[in-house]
Amino acid sequence: MKVFEQLLFENKAWASERVAEDPNYFHRLVDIQKPKFLWIGCSDSRVPPNEITQTQPGEIFIHRNVANLVLHTDLNLLSVLQYAVEVLEIEHIIVCGHYGCGGVKAAMTNKSYGLINKWLRNIKDVYRYHQQEIEELPEGDARVNKLIELNIMEQVYNLAKTSIIQKAWQKRNGPHLHGWVYALDDGVIKPLVDLEPNGELDHPIYKYDNLLDEG
Ligand code: CO
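The present account deals with the structure reproduced in this document. Every residue gets a number counted from 1 within its own chain, in the order that chain's sequence is written. In keeping with the predicted nature of the model, local features appear solely for residues at pLDDT of at least 70, side-chain atom pairs appear and are counted solely at 80 or more, and the whole-chain, interface and lining totals rest on all residues. Only hydrogens and water are set aside when side-chain values are computed; all heavy atoms of the structure are taken into account.

## Let's talk about the pattern of salt bridges
Side-chain pairing between opposite charges can occur once the charged atoms of the two side chains come close.
Reasoning step 1: What makes a salt bridge here is a side-chain nitrogen of Lys or Arg within 4 Å of a carboxyl oxygen of Asp or Glu, nothing more. Within the structure shown, the criterion is met by eight salt bridges.
Reasoning step 2: The salt bridge partner of arginine 128 is aspartate 125, with a shortest N-O separation of 3.9 Å. One end of the pair is arginine 128 and the other is aspartate 125, both in helix 6 (residues 117-129) and three residues apart, which spans about a single turn.
Reasoning step 3: Residue exposure (1.4 Å probe, protein chains only): buried if accessible area is under 20% of the type maximum, exposed if over 50%, otherwise partly exposed. A relative accessible area of 13% places aspartate 125 in the buried class.
Reasoning step 4: Look at the salt bridges and you will find they share partners, linking Arg121, Asp125 and Arg128 into a network. Think of it this way: any DSSP run of H or I at least four residues long counts as a helix, any run of E at least two long counts as a strand, and we number them from the N terminus.

Right, dumping it as structure tokens:
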């Protein structure tokens, strides 16, 4: 059996196990998708959202990219965000990064990696904003881990800066925003930041006050 065929084989086994446990398992999922959570995570294969939170299909709406970035020019992320917030009326958005993130590590070097330089540039900006705080720490893992945490928090604030989130906050007092970091070595998630609806942004210049007038 070829490697990829193993996946199809395992899928069949998984599907029949689900039905054996609960004959209605798939019927319930076909008709309705009403997840409470949007997960914005790293593409890293070691951080699978459903597995590490013991959630089932239908419970988490998921977007993943390298180093869990929230960029206002990323049409893919913005489309997921708009759909999650306006149509699914998601209650919680979780930005979950992880220690040992290769994207963050790469951004801390002066090495060129080709096309992905443009993506990692955004993490270099986070480094620049918090340079002093990072460089107070000893070189090596301590600095990498610090930038990983700061990058997650920056992305939570990037969410809060979107008109999608600010409009929802004004309309329905939701969703809540969370920044979490996952540890590869023990599998535990540590919460870093929570932003309540209509909470303080990291700078007031990012706040829009006429979003509801726009319709
Ligand atoms: Co990563």
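## Focus on the sheet that holds strand 2 (residues 60-65)
Reasoning step 1: Spatially, 2-1-3-4-5 is the arrangement adopted by the five strands of the open sheet, whose pairing is mixed. Looking along the sheet, the strands with just one partner apiece sit at the ends: strand 2 and strand 5 (189-195). Pairs of neighbouring strands in the sheet enclose a mean axial angle of 20 degrees, with direction left out of account.
Reasoning step 2: Here the rule is simple: two strands pair whenever DSSP picks up at least two bridges between them. Looking at chain direction, strand 1 (residues 37-42) and strand 3 (residues 92-98) are connected through five bridges and run parallel. Interaxial angles span 0 to 180 degrees and are taken between N-to-C directions of axes, which are lines fitted to C-alpha atoms, for helices over the stretch in contact.

## Some details on the coordination of the cobalt ion
Reasoning step 1: The donor set covers N, O and S atoms within 2.8 Å of the metal, switching to 3.2 Å for Na, K and Ca, and it leaves out water, so a site may look short of donors. For the cobalt ion, every protein donor is listed as Cys42 (SG), His98 (NE2) and Cys101 (SG), and the spread of their distances is 2.1 to 2.3 Å.
Reasoning step 2: Coordination of the cobalt ion draws on donor residues from a single chain, spaced C-x55-H-x2-C in sequence. Placement of the pair is cysteine 42 in strand 1 and histidine 98 in strand 3, with a sequence separation of 56 residues.
Reasoning step 3: Histidine 98 sits in the buried class, given a relative accessible area of 1%.

## Thoughts on the layout of surface pockets
Reasoning step 1: Points on a 1 Å grid, built from protein atoms alone, make a cavity when a 1.4 Å probe fits but cannot get out and make a pocket when they are open with protein on both sides within 12 Å along at least 5 of 7 lines; residues with an atom within 4 Å of a point are the lining residues. Grid points are joined across faces, edges and corners, and a volume is the space filled by probe spheres set on the points. What the largest pocket holds in volume is close to 250 Å³.
Reasoning step 2: What lines the largest pocket is a set of 13 residues, among which Val70, Leu71, Asn122, Tyr129 and Asn158 lie closest to the centre.
Reasoning step 3: Mapped onto the lining of the largest pocket, the elements with two or more residues apiece are helix 6 and helix 8 (141-160).
Reasoning step 4: Following the grouping adopted for this structure description, the nonpolar residues are Ala, Val, Leu, Ile, Met, Phe, Trp, Tyr, Cys and Pro, the charged ones are Asp, Glu, Lys and Arg, and the polar ones are all others, Gly among them. Here the lining of the largest pocket is composed, by residue class, of five nonpolar, five polar and three charged.

## Some thoughts on the nonpolar core
Soluble globular proteins: nonpolar side chains tend toward being buried together.
Reasoning step 1: Membership of the largest hydrophobic core comes to 45 residues, with the highest contact counts inside it found for Leu38, Ile93, Leu159 and Leu177.
Reasoning step 2: Discounting chain neighbours no more than four positions away, the residues touching leucine 177 are Ile93, Val156, Leu159, Ala160, Ile165, Trp169, Val193, Asp194 and Leu195.
Reasoning step 3: Here the nonpolar core consists of buried residues drawn from Ala, Val, Leu, Ile, Met, Phe, Trp, Tyr and Cys, with membership extended through side-chain atoms lying within 4.5 Å. In this structure, Val47, Ile60, Ile94 and Cys96 belong to the second largest nonpolar core, which totals six residues. Here, residues are in contact when the closest pair of their heavy atoms is within 4.5 Å.

## Focus: the pairing of strand 4 (residues 176-182)
Reasoning step 1: For strand 4, the tally of buried residues reaches five of seven residues, placing the bulk of the element in the interior.
Reasoning step 2: Two strands pair when backbone bridges link them, and strand 3 and strand 4 are joined in this way by seven bridges, in the parallel orientation. What sits directly across from isoleucine 94, in strand 4, is histidine 178.
Reasoning step 3: Judged from the six bridges that link them, strand 4 and strand 5 form a sheet pairing that is antiparallel.

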